[in-house]
Amino acid sequence: MGKKKNNNSKGNGNSFWERLLFKALEKFGLLGLISVAGVFIILKFPTDEQKHEFFNQYILFKNTTSATYQLIAITIFFGMIFVIERIYHQKEIETLNKKISRLNQKLQA
């Protein structure tokens with residue numbers, strides 16, 4: 001029996017949302033994509049009161065007794081994103097270097 005064909009308009013097996021996500025990931029990087037998504041969620045869904053509370057608590061560190069812990073948590077979160085993004089780009093660089101080496105060997109042969 002043959003393989004099932006995906007009825008996608010592009011024919012490459014990726015949905016519109018997958019292509020959009022990967023384009024945004026290429027354009028902004030992981031940190032930028034998470035930041036843009038976070039800003040979109042914060043601006044789109046909460047009420048005005050919730051927005052003010054979020055801004056005061058997590059941006060200005062007002063009205064809170066544990067501002068230090070919140071700052072540490074935010075720093076660790078973004079630090080992990082930086083590390084993940086670095087690992088991703090290192091693997092991408094290794095893949096590109098292998099392709100360059102392979103093409104270089106073909107040209108020399």
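Residues numbered from 1 in each chain as written. Predicted model: local features only at pLDDT ≥ 70, side-chain atom pairs only at ≥ 80, totals over all residues. Heavy atoms only, no water.

Caption draft 1: Representation of the overall build of the chain. Along the chain, the regular secondary structure elements total three helices and zero strands. Its helices and strands taken in sequence order, the chain reads α-α-α from the N to the C terminus. Here the chain, with 109 residues, has 8% of them falling under the buried criterion. A separation of at least 24 residues holds for 34% of the contacts in the chain among residues at least 6 apart in sequence. Of the roughly 10000 Å² of accessible surface on the chain, 63% is carried by carbon and sulfur atoms. (Helix = DSSP H or I, 4+ residues; strand = E, 2+ residues; numbered from the N terminus. Buried < 20%, exposed > 50% of the residue type's maximum accessible area, 1.4 Å probe, protein only. Contact = heavy atoms within 4.5 Å. Areas by Shrake-Rupley, 256 points an atom, 1.4 Å probe, with all protein chains shown as cover.)

Caption draft 2: Focus on helix H2 (residues 48-59). For H2, spanning 12 residues, the distance from its first C-alpha to its last is 16 Å, which sits close to the expected 16 Å at 1.5 Å a residue. Trailing H2 by a residue or two, Phe61 shows a phi angle of about 55 degrees, which is positive. (Expected span 1.5 Å × (residues − 1).)

Caption draft 3: Expanded view of helix H1 (residues 16-44). For H1, spanning 29 residues, the distance from its first C-alpha to its last is only 22 Å, which falls clearly below the expected 42 Å at 1.5 Å a residue. Helix geometry: H1 is bent most strongly at Gly29, by close to 110 degrees. Listed in full, the buried residues belonging to H1 are Ala24, Gly29, Leu31, Gly32 and Leu33. (Bend = angle between axes of the 7 residues up to and from the residue.)

Caption draft 4: Structural detail: a nonpolar patch on the surface. Together, Ile34, Tyr69, Ile72, Ile76, Phe77, Phe78, Met80, Phe82 and Ile84 make up a nonpolar patch on the protein surface, roughly 890 Å² of accessible area in all. Residue Ile84 is classed as partly exposed on the basis of its relative accessible area of 46%. (Patch = residues over 30% accessible without salt bridge, like charges linked within 9 Å, V, L, I, M, F, W, Y side chains within 5 Å. Salt bridge = Lys/Arg side-chain N within 4 Å of Asp/Glu carboxyl O.)

Caption draft 5: Expanded view of the environment of Phe78. Locating Phe78 in the fold gives a position in helix H3 (residues 67-108). Note: C-alpha distance between Phe78 and Ile34 (44 residues apart in sequence) is 9.8 Å. Setting aside residues up to four positions removed in sequence, Phe78 forms contacts with Leu31 and Ser35.

Caption draft 6: Summary view of the confidence of the model for the chain. Looking at the chain as a whole, the pLDDT averages 79, with 83% of positions reaching at least 70. With pLDDT under 50 throughout, residues 1-11 is counted as low confidence; its partners more than four residues away or in other chains account for six contacts. (pLDDT = per-residue confidence, 0-100.)

Caption draft 7: Region of interest: the packing of aromatic side chains. In total, this model carries three aromatic pairs according to the counting rule given. Look at Phe40 and Phe45: their rings are 6.3 Å apart centre to centre, the planes differ by 85 degrees, and that puts the pair in the edge-to-face class. With relative accessibility at 60%, the residue Phe45 sits in the exposed group. (Phe/Tyr/Trp six-rings, centres within 6.5 Å; stacked < 30°, edge-to-face > 60°.)

Caption draft 8: Quick peek at the side chain of Glu85. Within the element layout of this structure, Glu85 appears in helix H3. Of the side chains with opposite charge, Arg86 comes closest to the buried, unpaired Glu85, at an N-O distance of 11 Å. With residues near it in sequence (within four places) discarded, Glu85 still touches Gly29, Leu30 and Leu31. (Lys, Arg positive; Asp, Glu negative; His and termini not counted.)

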